[in-house]
Amino acid sequence: MTILVLGGAGYIGSHTVYELIDKGEDVVVIDNLLTGYKEAVHPKARFYKGDIRDREFLDSVFEKEKIDSVIHFAASSLVGESMEKPLKYYDNNLCGTKILLDAMVAHGIDKIVFSSTAATYGEPERIPILETDKTEPTNTYGETKLSMEKMFKWVGKAHGIRYVSLRYFNACGAHKSGEIGEAHNPETHLLSIILQVPNGQRDAVSIYGDDYDTKDGTCVRDYIHVTDLATAHILAVRYLEFGNESNIFNLGNGVGFTVKEVIECARKVTGHPIPAKISPRRAGDPARLIASSEKAKNILGWRPEYTDMEAIISSAWKWHKSHPQGFKTCK
């Protein structure tokens, strides 16, 4: 069996490839390297550089490789940028997925696991969020991901493609080997930004808004280790392989931490004071996002290994401390 990982040179994609290969799977990676890194791709994976919006390129890969299942990470994913450049997100996320599905239908590939997001819910009605709760995104990124989910649904009805959509929250941490981790330029994820301070790459961390309706006024998020996310994607592939119906699952630890709490924990792990300053709110940021992952646990058999924030930050710090510039060709 061969699994195709789209965006497999990116942060979560590369960790998923490592876990797949550790389990003896045959893996093909497609990535355009706009935000991913060739150095992050496992040496045992077969790598093709290209864009999913290029139908001719996709056809060439599908003709050369016998793909059984697809894991789809290839998308633009910055909330702030999505509000400033919405058409970029519709082009890359929606148009790219449309062309991908065209190619999958043409080549008879009928299983896909989709990297979705908690941003599909928008400002939640209740905490923890359930998969059945209403979806009203507050930013373009979440809107495009929700539209991608609906595209899978209707294409599935017409052409028999089965999908699993995984809606997850704040990915963080790094591979236990320390060989791969998070590397974005510019960095946008909170934990990596925080760790740039003790790494001497910035003087302080910005807290975007301290007037939210939370216990300390800062946003609350559900942080999930990247390896736990990778494991869930593999379990979702197995779920589809066993012939199960299309489904949607939340992934999270079920525990929320405020921005200030994460910073304080990072101070403990690194031994650095990590100065913080208050900045204006960012457009489209909900006050709190915490998942109920009971469905994923009951149906997929998923059990997060990293449930302690200190352990999550420690794994990230191991990577960032030894790779302050990310990968060798960090863009």
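See the structure printed just above.
Residues numbered from 1 in each chain as written. Predicted model: local features only at pLDDT ≥ 70, side-chain atom pairs only at ≥ 80, totals over all residues. Heavy atoms only, no water.

### Brief notes about the overall build of the protein
Here is step 1 of the chain: Scanning the protein from N- to C-terminus turns up 10 helices and 13 strands.
Here is step 2 of the chain: Counting only C-alpha atoms and orienting by the principal axes, one finds that the protein spans roughly 55 × 45 × 40 Å.
Here is step 3 of the chain: Long-range contacts, defined here as pairs at least 24 residues apart, represent 78% of the contacts in the protein between residues at least 6 apart.
Here is step 4 of the chain: Of the roughly 14,000 Å² of accessible surface on the protein, 49% is carried by carbon and sulfur atoms.
Here is step 5 of the chain: The averaged location of the 44 negative side-chain charges in the protein is 1 Å from the averaged location of its 40 positive side-chain charges. (Helix = DSSP H or I, 4+ residues; strand = E, 2+ residues; numbered from the N terminus. Contact = heavy atoms within 4.5 Å. Areas by Shrake-Rupley, 256 points an atom, 1.4 Å probe, with all protein chains shown as cover. Lys, Arg positive; Asp, Glu negative; His and termini not counted. Charge placed at Lys NZ, Arg CZ, Asp CG, Glu CD.)

### Section: the pairing of strand 10 (residues 247-251)
Here is step 1 of the chain: Of all the 5 residues making up strand 10, 5 are buried; the element is thus mostly covered by neighbouring parts of the structure.
Here is step 2 of the chain: Burial along strand 10 is two-sided: the residues Asn247, Phe249 and Leu251 and Ile248 and Asn250 are all buried.
Here is step 3 of the chain: Sheet analysis places strand 6 (residues 162-168) next to strand 10, joined by 5 bridges and oriented parallel. Counterpart to arginine 167 in the pairing with strand 10 is asparagine 250. (Buried < 20%, exposed > 50% of the residue type's maximum accessible area, 1.4 Å probe, protein only. Pairing = 2+ DSSP bridges.)

### Here we look at the packing of aromatic side chains
Here is step 1 of the chain: Applying the stated criterion across every chain yields a total of 5 aromatic pairs.
Here is step 2 of the chain: Three or more aromatic residues link up through ring pairs in this structure, and these residues are Tyr37, Trp319 and Phe327.
Here is step 3 of the chain: Positioned over the ring face of tyrosine 212 is arginine 281, at 3.8 Å from the centre of the ring.
Here is step 4 of the chain: Over the face of the ring belonging to phenylalanine 249 we find lysine 295, whose NZ or CZ atom lies 5.2 Å from the ring centre. (Phe/Tyr/Trp six-rings, centres within 6.5 Å; stacked < 30°, edge-to-face > 60°. Lys NZ or Arg CZ within 6 Å of the ring centre and 35° of its normal.)

### Digging into helix 4 (residues 86-106)
Here is step 1 of the chain: Taking 1.5 Å of rise per residue, 21 residues should cover 30 Å, and helix 4 covers 29 Å from first to last C-alpha, within 8% of that figure.
Here is step 2 of the chain: Along helix 4, the residues that are buried comprise Tyr89, Asn92, Asn93, Leu94, Gly96, Thr97, Ile99, Leu100, Leu101, Ala103 and Met104.
Here is step 3 of the chain: Looking at the buried residues of helix 4, the elements they touch are strand 1 (2-6), helix 2 (55-64), strand 4 (69-72), helix 3 (79-84), strand 5 (111-115) and helix 5 (140-159).
Here is step 4 of the chain: Glycine 108, located one to two residues past helix 4, shows a positive phi value of around 70°. (Expected span 1.5 Å × (residues − 1).)

### Observations regarding the state of the cysteines
Each disulfide consists of one covalent bond between the sulfur atoms belonging to two cysteines.
Here is step 1 of the chain: A full pass over the atoms with the stated rule returns 0 disulfides.
Here is step 2 of the chain: Here cysteine 219 is not disulfide-linked; the sulfur of cysteine 172 is the nearest cysteine sulfur, at 16 Å.
Here is step 3 of the chain: In this structure cysteine 219 comes out as buried when scored by relative accessible area, which is 7%.
Here is step 4 of the chain: Cysteine 265 carries a free sulfur, and the closest cysteine sulfur to it, the one in cysteine 172, is 10 Å from it. (Disulfide = S-S within 2.5 Å.)

### Some points on the sheet that holds strand 1
Here is step 1 of the chain: Across the sheet, which stays open at both edges, the 7 strands sit in the order 3-2-1-4-5-6-10 with parallel pairing between neighbours. For this open sheet the edge positions go to strand 3 (46-49) and strand 10, each flanked by a neighbour on one side alone. For this sheet the average axis-to-axis angle between neighbouring strands, irrespective of direction, equals 15°. (Axes fitted to C-alpha atoms, helices over the stretch in contact; angles between N-to-C directions.)

### Section: the packing of helix 4 against helix 5
Here is step 1 of the chain: As a packed pair, helix 4 and helix 5 sit with axes 10 Å apart at the nearest point and diverge in direction by 20°. By the angle class used here, helix 4 and helix 5 are roughly parallel. Remark: the crossing between helix 4 and helix 5 carries right-handed chirality. When helix 4 is examined against helix 5, the residues Pro86, Tyr89, Tyr90, Asn93, Leu94, Thr97, Lys98, Leu101 and Val105 are found in contact with a partner set consisting of Thr140, Tyr141, Glu143, Thr144, Ser147, Met148, Met151, Phe152, Val155 and His159. (Parallel < 35°, antiparallel > 145°, perpendicular 65-115°, else oblique. Left-handed = near helix turned anticlockwise from the far one by under 90°.)

### Comments concerning the packing of helix 2 against helix 4
Between two packed helices, both the angle of their axes relative to each other and the distance between the axes serve to describe the pair.
Here is step 1 of the chain: Between helix 2 and helix 4, the shortest axis-to-axis distance is 10 Å and the interhelical angle comes to 35°. At the point where helix 2 passes helix 4, the crossing takes the right-handed sense. Contacts between helix 2 and helix 4 involve Arg55, Leu58, Asp59 and Phe62 from the first element and Ile99, Leu100, Asp102, Ala103, Met104 and Ala106 from the second.
Here is step 2 of the chain: Residue composition of the contact of helix 2 with helix 4, grouped by class: 7 nonpolar, no polar and 3 charged. (Nonpolar A, V, L, I, M, F, W, Y, C, P; charged D, E, K, R; others polar.)

### Side note on the pattern of salt bridges
Here is step 1 of the chain: Applying the stated rule across the entire model yields 19 salt bridges.
Here is step 2 of the chain: Of the charged contacts, one joins arginine 53 and aspartate 51 as a salt bridge, the two residues approaching to 2.8 Å between their closest N and O atoms.
Here is step 3 of the chain: On the basis of relative accessible area, aspartate 51 is assigned to the buried category, the value being 18%.
Here is step 4 of the chain: Here lysine 215 and glutamate 261 are joined by a salt bridge, their closest N and O atoms 2.6 Å apart. Note that lysine 215 is positioned in the loop between strand 8 (205-208) and strand 9 (220-225) and glutamate 261 in helix 8 (residues 259-270), a separation of 46 residues in sequence.
Here is step 5 of the chain: A cluster of three or more residues bridged by salt bridges with shared partners is formed by Glu25, Arg238 and Glu241. (Salt bridge = Lys/Arg side-chain N within 4 Å of Asp/Glu carboxyl O.)

### Some details on helix 8
Each full turn of the α-helix corresponds to 3.6 residues, which orients residues three or four apart in the same direction.
Here is step 1 of the chain: Over its 12 residues, helix 8 runs 17 Å from end to end, which matches the ideal 16 Å to within 8%, given 1.5 Å per residue.
Here is step 2 of the chain: Every buried residue of helix 8 is listed here: Val259, Val262, Ile263, Cys265, Ala266 and Thr270. With its buried residues spanning 165° around the axis, helix 8 presents them on a single face.
Here is step 3 of the chain: Summarising the contacts, the buried residues of helix 8 are in contact with helix 6 (190-196), strand 8, strand 9, strand 11 (256-258), strand 12 (276-279) and helix 10 (309-322).
Here is step 4 of the chain: Just beyond helix 8, the residue with positive phi is glycine 271, at close to 75°. (Arc of directions from axis to C-beta.)

Purely spatial values, then, with no claim about function.
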